[in-house]
Amino acid sequence: MFVAVYPASPTQPLIAGLLAAGYQPVPIDDLSTLEDRVPDGGWAAAVVEVTSDLGRGLAVAGKIGDEHGLPVLLLIDRTMTGDIAGEVGFNDFVLSPIDRTELRVRLGRLHSNAPAIAEDEVLRFRDLELNTATYQATVAAEPCDLTFMEYELLRFLVENPGRVWSRDQILSRVWGYDYYGGSRTVDVHIRRLRAKLGEERSSWITTVRSVGYRFG
């Protein structure tokens, strides 16, 4: 799930909150580059962080919504709450200093109000569902809180069941050829996936000694 963040110098608490909620922040400075910066596919929203000039923030929010069609979440100081009454151009707001749980819930509400997703955009394995349009994952109809790379790894495994993949193959397929991290990254993410899938489902991901991993 991608989130465009404006301006391109967001505060560290905002970035940390988005990452903790499983969103991939894409800092934006020039709105004319928005469509090029936000990756195609999946669900995207925009967070407009307002530090002082509320009028400017509302103008940016309105432009993002009108010209680019993204839902907009305003991040404002609590002293501005009275000033946004009756204003338009944004879908919701969250107050600074950021509460991570509130940020996750507010973005989740924007997400849940998104248009319905076509059936062919949902991957299924037993009681696991991966929505490739919204980057949501559910297990037994309950939300599974995955980071962006955990989701991408699980998606790759679900799309390629039965085959054994080496760590290097997984790195190149999921992280990309320009990733310089070691194969331990794969082991760490596999361990986290197993934990989040739960004890009953962790066996879906099998370790093949001296080779790598198999799903299914």
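Shown above is the structure to which this text applies.
Residues numbered from 1 in each chain as written. Predicted model: local features only at pLDDT ≥ 70, side-chain atom pairs only at ≥ 80, totals over all residues. Heavy atoms only, no water.

Undergrad: Please set out the overall build of the chain residue by residue, giving values where relevant.
TA: Regarding its fold elements, the chain presents 7 helices and 12 strands. By its C-alpha atoms, the chain is 60 × 35 × 30 Å across when sized along the principal axes. Here the chain holds 216 residues, and the buried ones make up 44% of them. As displayed, the chain offers around 11300 Å² of accessible surface, 47% of which is attributable to carbon and sulfur atoms. Each charge sign in the chain was given a centre, from 22 positive and 30 negative side chains, and these centres are 11 Å apart. (Helix = DSSP H or I, 4+ residues; strand = E, 2+ residues; numbered from the N terminus. Buried < 20%, exposed > 50% of the residue type's maximum accessible area, 1.4 Å probe, protein only. Areas by Shrake-Rupley, 256 points an atom, 1.4 Å probe, with all protein chains shown as cover. Lys, Arg positive; Asp, Glu negative; His and termini not counted. Charge placed at Lys NZ, Arg CZ, Asp CG, Glu CD.)

Undergrad: Report on the packing of helix α6 (residues 167–175) against helix α7 (residues 184–197), specifying residues and quantitative values.
TA: Between α6 and α7, the least distance of the axes is 9 Å, while the angle of their chain directions is 80°. In terms of orientation, α6 and α7 fall into the roughly perpendicular class. In this structure, α6 uses Arg167, Ile170, Leu171 and Trp175 to contact α7, whose residues at the interface are Thr185, Val186, Asp187 and His189. Tallied by class, the residues present in the contact of α6 with α7 amount to 4 nonpolar, 2 polar and 2 charged. (Axes fitted to C-alpha atoms, helices over the stretch in contact; angles between N-to-C directions. Parallel < 35°, antiparallel > 145°, perpendicular 65-115°, else oblique. Contact = heavy atoms within 4.5 Å. Nonpolar A, V, L, I, M, F, W, Y, C, P; charged D, E, K, R; others polar.)

Undergrad: Explain unusual backbone geometry to me, and be specific about the residues and the numbers.
TA: Ser96 connects to Pro97 through a cis peptide bond whose omega is 5°. Even without a glycine there, the phi angle at Ala140 is positive, about 55°. Along the chain, the position of Ala140 falls in the loop between β8 (136–139) and β9 (142–143). With a relative accessible area of 42%, Ala140 lands in the partly exposed category.

Undergrad: How would you summarise the environment of Ala137 if you had to cite specific residues and measurements?
TA: The residue Ala137 is located in strand β8 in this model. Counting along the chain gives 18 residues from Ala137 to Arg155, while the straight-line C-alpha distance between them is 9.6 Å. Beyond its immediate stretch of four places on either side in the chain, Ala137 contacts Glu129, Leu130, Glu142, Pro143, Cys144, Leu146 and Tyr151.

Undergrad: Go over the sheet that holds strand β6 (residues 122–125) with me, naming the residues and quoting the values.
TA: Ordered in space as β6-β7-β8-β9, the 4 strands form an open sheet in which the pairing is antiparallel. Edge positions in the sheet fall to β6 and β9, since each has one partner strand and no second. Bridge count between strand β7 (residues 128–131) and β8: 4 bridges; the pairing is antiparallel. Counted as the bridge partner of Glu129 is Thr138 from β8. Across the face of the sheet, helix α5 (residues 148–159) comes into contact with β6, β7 and β8 while running at roughly 115° to β7. (Pairing = 2+ DSSP bridges.)

Undergrad: With reference to specific residues and values, describe the pairing of strand β2 (residues 24–27).
TA: Sheet topology places strand β1 (residues 2–6) next to β2; 4 bridges connect them, and they run parallel. Across the sheet, Val5 pairs through a bridge with Pro27, a residue of β2. With helix α1 (residues 12–20) bridging β1 and the parallel β2, this β-α-β connection has right-handed handedness. (Right-handed = clockwise from strand over helix to strand, strands pointing away.)

Undergrad: Outline the nonpolar core, supporting the account with residue identities and numerical values.
TA: Membership of the largest hydrophobic core comes to 53 residues, with the highest contact counts inside it found for Val48, Ile64, Leu154 and Ile170. With 7 residues, α5 is the largest single contributor of residues to this core. Residues contacting Ile170, with those up to four places away along its chain left out, are Leu153, Phe156, Trp165, Trp175, Val186 and Tyr213. Core analysis: the next-biggest nonpolar cluster, separate from the first, contains 14 residues, Val3, Val5, Ala45 and Val47 among them. (Core = buried A, V, L, I, M, F, W, Y, C linked by side-chain atoms within 4.5 Å.)

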